[in-house]
Amino acid sequence: MTTKNDSQTTKTVKQVKTDSQTTKAVKQAKSLSQQYQYKEAKSVLSGHKGTTVDHLKKSINKQQSKLVTWDDPTKISHLFYHSLIVDPGKAFSSEQAQGYKDYMATIDEFMPMLNQLYDNGYVLINFKDIISIDKQGKVTFKPVKLPEGKKPLIISQDDVNYYEYMKNSGFADKLVVNKQGDVKNQYTNNGQKKIGDYDMVPIIDTFIKKHPDFSYGGSKGVIAETGYNGVLGYRSSKSQYGDTKKTHREAKKATKVANAMKKEGWQFASHSWGHINMTTASVDHIKKDTALWQKEVQPIVGKTPVLIFPFGADIGSFTNYTNDNAKYTYLKSSGFSIFDNVDASKTSWGQLTNDYYRNARINVDGIRLHETMIGENTVLNDFFNTKDFYHRDK
């Protein structure tokens, strides 16, 4: 027999449970709306009631009513970096010093850039947010909607392999997953191994935890991988190091890191297996190289439609690719539909057809930063003020 008090207790428990679910839904909806996922936020709030829910729905509707649609594939800016220098003293006095000075940026330079990109209204996206590819390989551009004053930006990093030649030169050793499940770097300094934020991936992860509105739906950046020295700092290449227990272990460790990165919003791209120049390479060379990438890198990072050309060396001019281009038809048949070259003459460049999307990247390195400082190239001025942090010329 159920008494009045029993009924009241059951009702109270149900009410507490409902309040708890609503509190959780509100928190989730706020998080989604912070990263511009308004439709998803409202879906989470569906079925929940209360003053807090009503206020949040009203706020989301107001934000949605003022969104600006980015639907022009030529207007997506893309900045790219190489591995960040942790210790400039070591890097700039090593055997590879000039290369590091020309093609790398330091962490002390990157952090002010990141802050200024955020302050200037940029929001990180990746290709999954703007490009849809169906089973037949047809490519469609997906518009991005952001509040007025916000601008979509792709950031990528080349050669996140921590090559053998970089050892003891002031760079991180590899990417690792710590005990908390976060992706961090291992950095060795004077024989002492440290775990922390020593390159772009964990630095951006940490930054977005503090500034979630710097990311569109949790997206981070695009990571371009070669394979000849292994992946993500792990010597996993069987063709280079042998088909051994060690290379299998290294591949397994690298896969764990790659999976954690993808879960956190990072996207992978091919940078070819051997960092080859695809402008000058023969079709046969590209085929052999791609086969190696698919055999040794793809099982670790997963399939990707993105090909970032090493050296920015494109397989065609700035006119459309055609089926007469044997390099293009092979790469398209191998699963690539997004192609990235380098062009620092303008803040953005894109080319969209039913079969592919091309997107130009701007190099952020010693060469470009120096040219910016002396006024030889001003393209980076739209993103940050180089004079605030670049002091190498002094």
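Below, the structure is looked at part by part.

Analysis parameters
Residues numbered from 1 in each chain as written. Predicted model: local features only at pLDDT ≥ 70, side-chain atom pairs only at ≥ 80, totals over all residues. Heavy atoms only, no water. Pairing = 2+ DSSP bridges. Helix = DSSP H or I, 4+ residues; strand = E, 2+ residues; numbered from the N terminus. Axes fitted to C-alpha atoms, helices over the stretch in contact; angles between N-to-C directions. Contact = heavy atoms within 4.5 Å. Salt bridge = Lys/Arg side-chain N within 4 Å of Asp/Glu carboxyl O.

1. Things to note about the sheet that holds strand 10 (residues 192-196)
Line of reasoning, step 1. Sheet architecture is open: 3 strands sit in the order 8-9-10, paired in antiparallel fashion. Pairing within the sheet leaves two strands with one partner each, and these edge strands are strand 8 (174-177) and strand 10. Across the sheet, the mean angle separating the axes of adjacent strands is 40° when strand polarity is ignored.
Line of reasoning, step 2. Of the pairings in the sheet, the one linking strand 9 (residues 183-189) to strand 10 comprises 5 bridges and is antiparallel in character. If you follow Asn189 over to strand 10, its bridge partner there is Gln192.
Line of reasoning, step 3. Packing of helix 8 (residues 200-210) onto the sheet brings it into contact with strand 8, strand 9 and strand 10, and relative to strand 9 it is tilted by some 130°.
Line of reasoning, step 4. Of the strands in this sheet, strand 8 and strand 9 touch helix 10 (residues 245-263), which is tilted by about 75° from strand 8.

2. What to know about the pattern of salt bridges
Two side chains with opposite charge may pair up if their charged atoms get near one another.
Line of reasoning, step 1. Applying the stated rule across the entire model yields 11 salt bridges.
Line of reasoning, step 2. Residue Arg392 pairs with Glu109 through a salt bridge whose shortest N-O separation is 2.9 Å. Separated by 283 residues along the polypeptide, Arg392 in the segment after helix 14 (366-373) and Glu109 in helix 6 (residues 107-119) bring together distant segments of the chain.
Line of reasoning, step 3. A salt bridge links Asp213 to Lys150; its shortest N-O distance comes to 3.9 Å. Separated by 63 residues along the polypeptide, Asp213 in the loop between helix 8 and strand 11 (222-225) and Lys150 in the loop between strand 6 (144-147) and strand 7 (151-158) bring together distant segments of the chain.
Line of reasoning, step 4. The network of salt bridges with shared partners includes Asp205, Lys220 and Glu264.

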